[in-house]
Amino acid sequence: MKVLVIGSGGREHALAWKLGQSPKVSKVYVAPGNAGTALDAENVSIAEKDFPALIDFCKENDVKLVVVGPEAPLSAGAVDAFTEAGLRAFGPSQKAAKLEGSKVFCKEVLNKACVPTARAQVFDNAEDAYRYVDEGDEGGFVVKADGLAAGKGVVVASSKAEAKEAIKQIAEDRAFGDAGARFLIEERLMGQEASVLAITDGHTIVTLQPAQDHKAAYDGDQGPNTGGMGAYCPASLVDDDKLHWIEENVLLPTLITLNRMDTLFKGVLYAGLMMTPQGPRVLEYNARFGDPECQPLLSRLKTDLVDVIEATIDEKLCDIEPLVWDERPAVCVVMASEGYPGSYEKGFPISGLDEAAKLPDVKVFHAGTKLVDGVVTTNGGRVLSVVALGDTVADAKRKAYEAVAKISWQGAWNRTDVADKEIKAVQN
C-alpha cells in the first residue's frame, strides 16, 4: 500500500522511515517533509493543514493510509477531514485532540477522572493572575498557555517575580499568540519527568516502553523549556510496577472519562509525568507521538508499525500480538540552531551528514532541514535528531555523540548530558 505521513519534523522522519520498513508498504510520501524524508521517502510540497489538497493528492495517488504526525493538524481536524473523505487516517479526532490542544480541557478531564495531577487555577487576564501569585507561597509556580505553543508555552518559575514575568509574556505580550488567551497557574511539582506513551483504539491500551525527554535547553536541566533537546528509551525511572500503576490509575481512567464525555480517543495518548516522592503526577497529555521520544522508540520497535496502526483504526488492538522491542537502549541527541528556543537564523549548510550515517547503529533523523540546490541547509530551531542503539545506555550515548561530533553548521549546538541521569541510576 501507499502511505502518506503529514508533517516535517524529526518525528515524521522517524515515522516515514519505520513505515517504509513494512512489507505491506510500497511507497511512503511525506507532506511537506524535509531534506531527510526526501532520502527515505518522497516529499510532497503541500502544507500540513491544507486538507483539501492533501485529500486530492491521496485520491489521485491511491494512498491507502494517512498518518498525521504533529499536534497542529490534529487539533485542526485532520483525521476528521480524511475520514469524511473516505480515507483511513491514524490519529485522534479534533474533539479528542483537544486533550492536547487545550490545557484547561486536559485539566478538567484529569480532575473528572480522578487522575493525580498538580493543583491549578485558570485565568483569562493578567491582573487576577498577578494577584493570585502575590497571595500564594514562594515555593514556585508553573505558568501554562492554554493552547498549542510548539512545546514552549510552559514556564517553570522558581519565584513570584519569575511567575509574573511569565504571566506578562503569555497574557499581555502574547508571546504565543492566541494560545495565551487563557492560561493556567499550577503548583510546581518536584521530581524527574518521564514520558509514557500508549497507542489506543479507545478501548484497548497498548503501552510503549517508557522514555525520558530533556525539555530544558541547557545541561543540568537549566534554561528555558524547549520542544525537547534529547531523549532515551527505556527509562528505568518507570519500572514495570510503576508502569502498571500508570496504566491502571492514569491511562485507563482517562480513556473511560473521555468515553463518558462521548469523546473516543484513537491514536497515541502520551502522558507527560512528574515522578514525585508521592508517586506519578500527570503534567499534561499530548495527542501524538512525542518529538524527540518518537525517534528512540521507533528505533527500538521491531513489530510492524502498520499492523498496530491499522488495528487502531479498526478498533481491534485487542487482537494484536504483544509488541516486540530491540533489547538495546536508544539515546537521541537533538542538534539545534543558535538562538533556539528563541529567534534563530536559517539557511546554513550542514556538513558531516554522510560521515555520521556511516557509523554503526546510528540514524540521523532530520527536522528543521531543507534541500537548497542539492545542499542540506538548516530550516528550523531543532535541526537534527541523532539516534544510536547500544549494548548499554552509556554505549548508546557514546555512539550518539560520536555521530554528533561529525556534524556541523554555523551556530550548531546541543546538550552534552543526554541520558546522564539514566547512566547514573543504572550505576547506582
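Attention here is on the structure that accompanies the text. Residue numbers run consecutively from 1 along every chain, following the written order of its sequence. Reporting in this predicted model follows two pLDDT cut-offs: at least 70 for local features of residues, and 80 or more for side-chain atom pairs to be given and counted; totals over whole chains, interfaces and linings ignore these cut-offs and use all residues. Note that water and hydrogens are dropped before the side-chain values are worked out from all heavy atoms of the structure.

Turning next to the environment of Ala118. Secondary structure elements follow DSSP: runs of H or I of four or more residues count as helices, runs of E of two or more count as strands, with numbering from the N terminus. Tracing the backbone shows Ala118 in the loop between helix H7 (103-112) and strand S6 (120-123). Among the residues examined, Ala118 registers a relative accessible area of 3% and is labelled buried. Each residue gets one of three labels from its accessible area relative to the maximum for its type: buried under 20%, exposed over 50%, partly exposed in between, using a 1.4 Å probe on protein chains only.

Quick look at the nonpolar core now. Think of a nonpolar core as a cluster: buried Ala, Val, Leu, Ile, Met, Phe, Trp, Tyr and Cys residues, connected wherever their side-chain atoms sit within 4.5 Å. With 48 residues, the main nonpolar core has Leu4, Val66, Phe82, Leu99, Leu251 and Tyr285 as its most contacted residues. Counting residues per element, this core draws most heavily on helix H10 (residues 240-260), which supplies six residues. Those residues in contact with Tyr285, other than ones at most four positions away along the chain, are Leu99, Glu100, Cys106, Leu110, Val250, Leu251, Thr254, Leu269, Tyr270 and Ala271. Grouped together as the second largest cluster of nonpolar side chains are 41 residues, Val3, Val268, Leu297 and Leu323 included. What makes two residues a contact is simply this: any of their non-hydrogen atoms within 4.5 Å.

Turning our attention to the sheet that holds strand S8 (residues 154-157). Pairing between sheet strands relies on hydrogen bonds along the backbone, with the strands arranged either parallel or antiparallel. Read from one edge to the other, the open sheet built from four strands follows the order S6-S9-S7-S8, with strand pairing classed as antiparallel. Of all strands in the sheet, those bounded by a partner on one side alone are S6 and S8. Averaged over all pairs of adjacent strands, the angle between their axes in this sheet comes to 20°, without regard to strand direction. For S6 and strand S9 (residues 183-187), the ladder comprises four bridges, and the chain directions are antiparallel. Two strands pair if DSSP finds at least two bridges between them. The convention used is that axes are lines fitted to C-alpha atoms, helices contributing only their stretch in contact, and that angles between N-to-C directions extend from 0 to 180 degrees.

As a packed pair, helix H14 (residues 393-404) and helix H15 (residues 420-427) sit with axes 9 Å apart at the nearest point and diverge in direction by 150°. With respect to H15, the element H14 is oriented roughly antiparallel. Along this stretch, H14 crosses H15, giving a crossing that reads as left-handed. The residues of H15 that touch H14, namely those facing Val393, Ala394 and Lys397, are Asp420, Glu422 and Ile423. Considering only residue class, the contact of H14 with H15 consists of three nonpolar, no polar and three charged. Here the angle decides the label: under 35 degrees means roughly parallel, over 145 means roughly antiparallel, 65 to 115 means roughly perpendicular, and every other value means oblique. Should the near helix be turned anticlockwise from the far one by less than a right angle, the crossing is left-handed, and should it be turned clockwise, the crossing is right-handed. Classes in brief: Ala, Val, Leu, Ile, Met, Phe, Trp, Tyr, Cys and Pro nonpolar; Asp, Glu, Lys and Arg charged; the others, Gly included, polar.

In this section: the environment of Arg288. The topology assignment puts Arg288 in the loop between strand S17 (279-286) and helix H11 (294-300). When its relative accessible area of 10% is taken as the criterion, Arg288 is described as buried. The contacts of Arg288, once residues within four sequence positions are left out, are Arg11, Gly69, Pro70, Glu71, Leu74, Glu100, Val268 and Tyr270. Here a polar contact is recorded for every N or O atom pair within 3.5 Å, except that within protein the pair must consist of a potential hydrogen donor and a potential acceptor, and residues adjacent in sequence are included only if both atoms are side-chain atoms. One polar contact links Arg288 to Glu100, side chain to side chain, over a distance of 2.7 Å.

What follows concerns the environment of Thr377. Structurally, Thr377 can be placed in strand S21 (residues 375-378). Measuring from C-alpha to C-alpha, the distance between Thr377 and Ala96 comes to 36 Å, with 281 residues separating the pair along the chain. Ignoring any residue separated from it by four or fewer positions in sequence, one finds Thr377 in contact with Gly347, Phe348, Pro349, Ile350, Gly368, Thr369, Lys370 and Val372.

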